[in-house]
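Residue strings, one per chain:
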Amino acid sequence: MIAPHSSSAPAAAAARGVRGVRKAVVPAAGLGTRFLPATKATPKEMLPVVDKPAIQYVVEEAAAAGLDDILMVTGRHKRAIEDHFDNAFELEQALAAKGDAVRLDAVRDPARLAGIHHIRQGEPLGLGHAVLCARRHVGDQPFAVLLGDDLIDPRETLLSRMLDVRDHYSGSVVALMQVPPEQIHLYGCAAVEATGEDDVVRVTGLVEKPSSQDAPSTYAVIGRYVLDPAVFDTLERTGPGRGGEIQLTDALQELATDGTVHGVVFDGLRYDTGDKAEYLRTVVRLACDRDDLGPEFVAWLKEFVADLEAGTTTGRRRRIAA
């Protein structure tokens, strides 16, 4: 039985200074069609999760794991992402003049998280192509990949654990999560075998979005990777796969045949902000966890749910009238 990794496992913070991985790549060039019309002019990664854009949570996760060099792979319509992680002189000056230190820090924080760089993916040719766009920046170093709409709860230590596994085994590491069989067609799926560590498996094969009948397991690949630079040569010769795109899964499948791909099995808190219903649940969950918002919001939420279950609309009419 494979035991999943969770937040109860300590982050190896002391090892950050000696790790071989210091760079992260955040692919964020997708069109966000599932959220139209909201994403017609606003990048999906910039949709607010409480009071921060989704992509800021991802960058904070990378920085917390000791990755201080982050490359964002964006598109022509994603200028707002670049602006968010830049300084905003006029806004900062106005807040400083008001003595609003709290909001001033909040505005400055994104630019201070790490050294952040940007490159544009000229054509929407898939995740594998987006990763390949990072080759010149990454060079011959191992690097992490964090998908911009896949959030891991800030209290979890998944990425740190993946970096530890990379340091131990070399090669590439993927994050795996067990999902119901009827959902496996939404993910890349891994065939695995056990190792000597409870939460670590050896990946022997990968399939992109298989049917439940064809899936080798219920282990889904979620949006965290730590990749060996050998993946670039593999991606160069990987042709279009499912959906006519260059799939990172296909390149990792080739690497897995040499036994150089491992997986960390995760059962912690993960939020998929690329799905409308999951996005709404993410906002509610993270708002409930906030010390400044949670108590009042939870009290209102309980009242709202009680009204729904009772079939009453008195509270709604009262708020509309107000």
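The structure contained in this document is the topic of the report that follows. Just so we're clear, the structure is a prediction, and the values are computed from it rather than from any experiment.

Parameters at a glance
Residues numbered from 1 in each chain as written. Predicted model: local features only at pLDDT ≥ 70, side-chain atom pairs only at ≥ 80, totals over all residues. Heavy atoms only, no water. Helix = DSSP H or I, 4+ residues; strand = E, 2+ residues; numbered from the N terminus. Rg over C-alpha atoms; globule rule 2.2 N^0.38 Å. Buried < 20%, exposed > 50% of the residue type's maximum accessible area, 1.4 Å probe, protein only. Contact = heavy atoms within 4.5 Å. Lys, Arg positive; Asp, Glu negative; His and termini not counted. Charge placed at Lys NZ, Arg CZ, Asp CG, Glu CD. Phe/Tyr/Trp six-rings, centres within 6.5 Å; stacked < 30°, edge-to-face > 60°. Lys NZ or Arg CZ within 6 Å of the ring centre and 35° of its normal. Arc of directions from axis to C-beta. Salt bridge = Lys/Arg side-chain N within 4 Å of Asp/Glu carboxyl O. Pairing = 2+ DSSP bridges. Axes fitted to C-alpha atoms, helices over the stretch in contact; angles between N-to-C directions. Parallel < 35°, antiparallel > 145°, perpendicular 65-115°, else oblique. Left-handed = near helix turned anticlockwise from the far one by under 90°.

### Structural notes on the overall build of the protein
When helices and strands are tallied, the protein shows twelve helices and 13 strands. Computed over the C-alpha atoms, the radius of gyration of the protein is 21 Å, within 12% of the 20 Å expected from 2.2 N^0.38 for a compact globule of 322 residues. In terms of overall dimensions, the protein has a C-alpha envelope of 65 × 50 × 40 Å along the principal axes. Looking at the protein residue by residue over its 322 residues, the buried ones come to 47%. Put simply, of all contacts in the protein between residues at least 6 apart along the chain, 76% involve residues at least 24 apart. Taking the average place of the 36 positive charges on the side chains of the protein and the average place of its 47 negative ones, the gap between the two points comes to 5 Å.

### A word on the packing of aromatic side chains
Taken as a whole and judged by the stated rule, the model has four aromatic pairs. Judged by centre distance (5.5 Å) and plane angle (80°), the ring pair of F35 and Y279 falls under edge-to-face. Of the two residues, F35 is situated in the loop between β1 (23-27) and β2 (48-49) and Y279 in helix α10 (residues 276-289); the sequence distance between them amounts to 244 residues. Given a relative accessible area of 11%, F35 falls into the buried group. A centroid spacing of 5.0 Å and a plane angle of 15° characterise the contact between W300 and F304, whose relative ring orientation is stacked. Within this pair, W300 and its partner F304 are both found in helix α11 (residues 294-310), separated by four residues, close to a single helical turn. Among the aromatic side chains, those forming a connected cluster through ring pairs are F297, W300 and F304. Over the face of the ring belonging to Y57 we find K52, whose NZ or CZ atom lies 4.4 Å from the ring centre.

### Some points on helix α9 (residues 248-256)
Every buried residue of α9 is accounted for by L248, T249, A251, L252, L255 and A256. Each buried residue of α9 sits inside an arc of 160° when the element is viewed along its axis, so together they form one side. Where the residues of α9 are buried, they touch α5 (127-132), β8 (172-178), β10 (200-208), β11 (219-227), α8 (230-236) and β12 (261-265).

### Considerations on the pattern of salt bridges
Counted by the stated rule, this structure contains 23 salt bridges. Taking the shortest distance from any N to any O, the salt bridge between D105 and R112 comes out at 3.6 Å. In this structure, R112 and D109 form a salt bridge, with 2.7 Å as the shortest nitrogen-oxygen distance. A residue pair is termed a helical-turn pair when its members lie 3 or 4 positions apart in one helix, as R112 and D109 do in helix α4 (residues 101-112) at three residues. According to the relative accessible area criterion, D109 is partly exposed, its value standing at 32%. Residues participating in the shared-partner salt-bridge network are D51, R290 and D292.

### Description of the pairing of strand β4 (residues 69-74)
When you tally the buried positions in β4, you get six out of six residues, the bulk of the element. Residues of β4 alternate between two faces, with D69, L71 and V73 on one and I70, M72 and T74 on the opposite face, all of them buried. As judged from the five bridges shared by β1 and β4, these two strands associate in the parallel manner. Within β4, the residue paired with A24 across the bridge is I70. Alignment of β4 against strand β5 (residues 115-120), held across six bridges, turns out to be parallel. Bridge assignment links I70 to a residue of β5, and that residue is I116.

### Regarding the packing of helix α3 (residues 89-98) against α4
The contact between α3 and α4 brings their axes to 9 Å, and the two run at 160°. Judged on the interaxial angle alone, α4 and α3 are roughly antiparallel. The way α3 lies across α4 gives a crossing that is left-handed. When α3 is examined against α4, the residues L91, E92, L95 and A96 are found in contact with a partner set consisting of R103, L104, V107 and R108.

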